[in-house]
Amino acid sequence: MTMMQRVLWAWFAAALMPGIALSLYLLIMSGGFDLSLFILITLLTTPITFIIASLHILILGLPLFYKLETLGRLNLWTSALSGLIIAGAPFLLLSLMNTPGSQWPPMIMSIYSVSGFFGIIGGISAWCVWRYTAPKEIATETIP
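How each quantity is defined
Residues numbered from 1 in each chain as written. Predicted model: local features only at pLDDT ≥ 70, side-chain atom pairs only at ≥ 80, totals over all residues. Heavy atoms only, no water. Helix = DSSP H or I, 4+ residues; strand = E, 2+ residues; numbered from the N terminus. Buried < 20%, exposed > 50% of the residue type's maximum accessible area, 1.4 Å probe, protein only. Contact = heavy atoms within 4.5 Å. Areas by Shrake-Rupley, 256 points an atom, 1.4 Å probe, with all protein chains shown as cover. Phe/Tyr/Trp six-rings, centres within 6.5 Å; stacked < 30°, edge-to-face > 60°. Expected span 1.5 Å × (residues − 1). 1 Å grid on protein atoms, 1.4 Å probe; cavity = no way out; pocket = protein on both sides within 12 Å on 5 of 7 lines; lining within 4 Å. Points joined across faces, edges and corners; volume = space filled by probe spheres on them.

> So, the overall build of the protein chain: which residues are in play, and what are the values?
From N to C terminus, the protein chain includes 5 helices and 0 strands. Listing every helix and strand of the protein chain by position from the N terminus yields α-α-α-α-α. Residue burial in the protein chain is summarised as follows: out of 144 residues, 35% are buried. Considering only contacts within the protein chain whose residues lie at least 6 apart along the sequence, 67% involve residues at least 24 apart. Put simply, the protein chain shows about 9000 Å² of open surface, and 78% of that area lies on carbon and sulfur atoms.

> So what about the side chain of H56? Which residues, and what values?
Its place among the elements puts H56 in helix α2 (residues 35-71). Not counting chain neighbours up to four residues away, the residues in contact with H56 comprise G61, I86, A87, P90 and F91.

> Go over the packing of aromatic side chains with me, naming the residues and quoting the values.
Throughout the structure, instances matching the rule amount to 7 aromatic pairs. Geometrically, the ring pair formed by W9 and F12 is edge-to-face, given 6.1 Å between the ring centres and 90° between the ring planes. Here F12 and W9 lie together in helix α1 (residues 3-30), a separation of 3 residues that amounts to about one turn. The class of W9 is partly exposed, set by a relative accessible area of 49%. Given a relative accessible area of 33%, F12 falls into the partly exposed group. When the ring of W127 is compared with that of Y132, the centres are 6.3 Å apart and the planes differ by 80°; the resulting orientation is edge-to-face.

> Pulling in residues and values, what's your account of α1?
The terminal C-alpha atoms of α1, which comprises 28 residues, lie 41 Å apart, in line with the 40 Å expected from a rise of 1.5 Å per residue. Along α1, the residues classified as buried are R6, V7, A10, A13, A14, A15, P18, G19, A21, S23 and L27. Looking one or two residues beyond α1, the residue adopting positive phi is G31, at roughly 110°.

> Any details on the layout of surface pockets? Residues and values, ideally.
By volume, the largest pocket is sized at about 690 Å³. Lining the largest pocket are 35 residues, and of these A14, I57, I86, G119 and G122 lie nearest its centre. Listing elements by their share of the lining of the largest pocket, those giving two or more residues are α1, α2, α3 (76-98) and α4 (104-132). Residue contributions to the lining of the largest pocket peak at 11 residues, all from α2.

> Kindly report on the side chain of T42, identifying the contributing residues and their values.
Considering the arrangement of structural elements, one finds T42 in helix α2. On the accessibility criterion, T42 (17% relative accessible area) is buried. Those residues in contact with T42 that sit more than four places away from it in its chain are S23 and P47.

Geometric values such as these leave the question of function open.
In structure tokens form, the structure reads like this:
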């Protein structure tokens, strides 16, 4: 598998997994597990989440990915931390611009924590795809 194919698969995983996680979260919050409801929620939320996550990845994620890769610092922990920052930063900036001064700390922390959680899921998903589609000589290195 070429490097470009690996990058595309990692991008796809990073953009898709937060939507699936959001669907599971909404299903759990609805009070039970029903397969037809899960499919409906997934079909409604995943495309929107995929588009938003793709924009974050294209604008913020790919440059950071290439920088970490060239520095040799791309691992599970930096991917999770990068996902947290990349997913939360745009919402944090929007919240700071649109929230009255007295209400911003709790609102910003709740928005940042939720979007950051989904960013962590996306970052870990991208790293797993990147790591486990590597050529054999690279994949046998230890996981940092």
